[in-house]
Amino acid sequence: MPGANERALEKAKTLDADSLILDLEDSVAPDAKAEARAKVQAAVKSGGYGHRELVIRINGLDTPWGVEDLKMAAAANPDAILVPKVARPGDIVNVSKIHAGMGGADSTRMWAMMETPMAIFNVREIASVHQVARLSCLVLGTNDLLKESRALATGGRFAILPWLSMTLLAARAYGLDVIDGVYNDFRDEQGFRAECEQGRTLGMDGKTLIHPGQIALCNELFSPASEEVAWSRKVIAAFALPENAAKGVITIDGRMVERLHLAMAERVATIAEAIS
């Protein structure tokens, strides 16, 4: 949500989204940065967003606005701060330490925008500082990656699929969430559906959205299907039987099921319960 748009910030209270990124960076013109900062601070402090996770995207600390943005975020106490243009581990560590020095709460997580070639080259090292930097999520900045690499977004994003997969693997190696990039043509439902399905197939935890009209379809496609939930509950129930307590492998409906499938089933069931 553009931080300078008061109407958008208010509308966000009614949207069926899990997280709201209140933006001070790309969507805000230079002459509106101070106004956006004040509006975002007021929005976060006033509350009214219910279960929605509030994330403030600050400007980089190397810009004229970044330090003031971070100071405001430390006072506002959002759920997370989204740091743009993270290229090296030190970028996210520095923001985390400065935030703490400004009196920011330990409960505020750091999210990192992965939007440059250097970020992709260093993704493993960036993810590895998660404990030091309170880093919990990597967000793909696919528009910037396309710009910086000069790749094209055609052909099902085949040109950038290796970078998406590298980011996802690094996130999983260090227990982080990873969110897919935006789909720009919000009127193209078919294209958006295909990209959401691709993101979920890759293992993404969700997708960054730029228009409220994308929320319902995204929620549908990133939620476990009813058949998946039913199967997961059957797996959990089967392993819970006394006769299967010590078994590593069992058979359910003619299929071999291992304990690793039990862990996957438990995650699906947990997500389904959270959604309901």
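That block above? That's the structure.
A few points on the structure. (Residues numbered from 1 in each chain as written. Predicted model: local features only at pLDDT ≥ 70, side-chain atom pairs only at ≥ 80, totals over all residues. Heavy atoms only, no water.)

### So, a negative patch on the surface
No. 1: On the surface, a cluster of negative charge is made up of Asp16, Asp18, Glu53, Asp79 and Asp177.
No. 2: By the element assignment, Asp79 lies in the loop between α3 (66-76) and β3 (80-83). (Patch = residues over 30% accessible without salt bridge, like charges linked within 9 Å, V, L, I, M, F, W, Y side chains within 5 Å. Areas by Shrake-Rupley, 256 points an atom, 1.4 Å probe, with all protein chains shown as cover. Salt bridge = Lys/Arg side-chain N within 4 Å of Asp/Glu carboxyl O. Lys, Arg positive; Asp, Glu negative; His and termini not counted. Charge placed at Lys NZ, Arg CZ, Asp CG, Glu CD. Helix = DSSP H or I, 4+ residues; strand = E, 2+ residues; numbered from the N terminus.)

### Brief notes about the sheet that holds β3
No. 1: The strand order β1-β2-β3-β4-β5-β6-β7 describes an open sheet built from seven strands, whose pairing is parallel. In this open sheet, the two edge strands, each paired with only one partner strand, are β1 (19-23) and β7 (206-207).
No. 2: Note that strand β4 (residues 109-114) and strand β5 (residues 135-140) share five bridges and pair parallel. Pairing of Met113 across the sheet is with Val139, part of β5. (Pairing = 2+ DSSP bridges.)

### Describing the pattern of salt bridges
No. 1: In total, this model carries 18 salt bridges according to the counting rule given.
No. 2: As a salt-bridge pair, Asp205 and Arg267 come within 3.3 Å of each other at their nearest N and O atoms. Linking Asp205 in the loop between α10 (189-202) and β7 with Arg267 in helix α13 (residues 259-275), this pair joins segments that are 62 residues apart in sequence.
No. 3: You can call Asp205 partly exposed: its relative accessible area is 24%.
No. 4: Here the salt bridges do not stand alone but share partners, grouping Asp23, Glu25, Arg57, Lys85 and Glu115 into one network. (Buried < 20%, exposed > 50% of the residue type's maximum accessible area, 1.4 Å probe, protein only.)

### Overview of the nonpolar core
As a rule of thumb, soluble globular proteins bury nonpolar side chains together.
No. 1: Ile56, Ile92, Met114, Leu135 and Leu138 are the most contacted members of the largest nonpolar core, which has 58 residues in total.
No. 2: The element contributing the most residues to this core is helix α11 (residues 215-222), with five residues.
No. 3: Ignoring anything within four residues of it in the chain, the contact list for Leu135 reads Ile92, Met110, Trp111, Ala112, Ile126, Ala127, His130 and Leu176. (Core = buried A, V, L, I, M, F, W, Y, C linked by side-chain atoms within 4.5 Å. Contact = heavy atoms within 4.5 Å.)

### Observations regarding the packing of helix α12 (residues 226-240) against α13
No. 1: Relative orientation of the contacting elements α12 and α13 amounts to 125°, with a least axis distance of 8 Å. Taken together, the axes of α12 and α13 are oblique relative to one another. Where α12 crosses over α13, the handedness of that crossing is left-handed. Between α12 and α13, the residues in contact are Glu228, Val229, Ser232, Arg233, Val235, Ile236 and Phe239 and Arg259, His261, Leu262, Ala265, Glu266, Val268, Ala269, Ala272 and Glu273, respectively. (Axes fitted to C-alpha atoms, helices over the stretch in contact; angles between N-to-C directions. Parallel < 35°, antiparallel > 145°, perpendicular 65-115°, else oblique. Left-handed = near helix turned anticlockwise from the far one by under 90°.)

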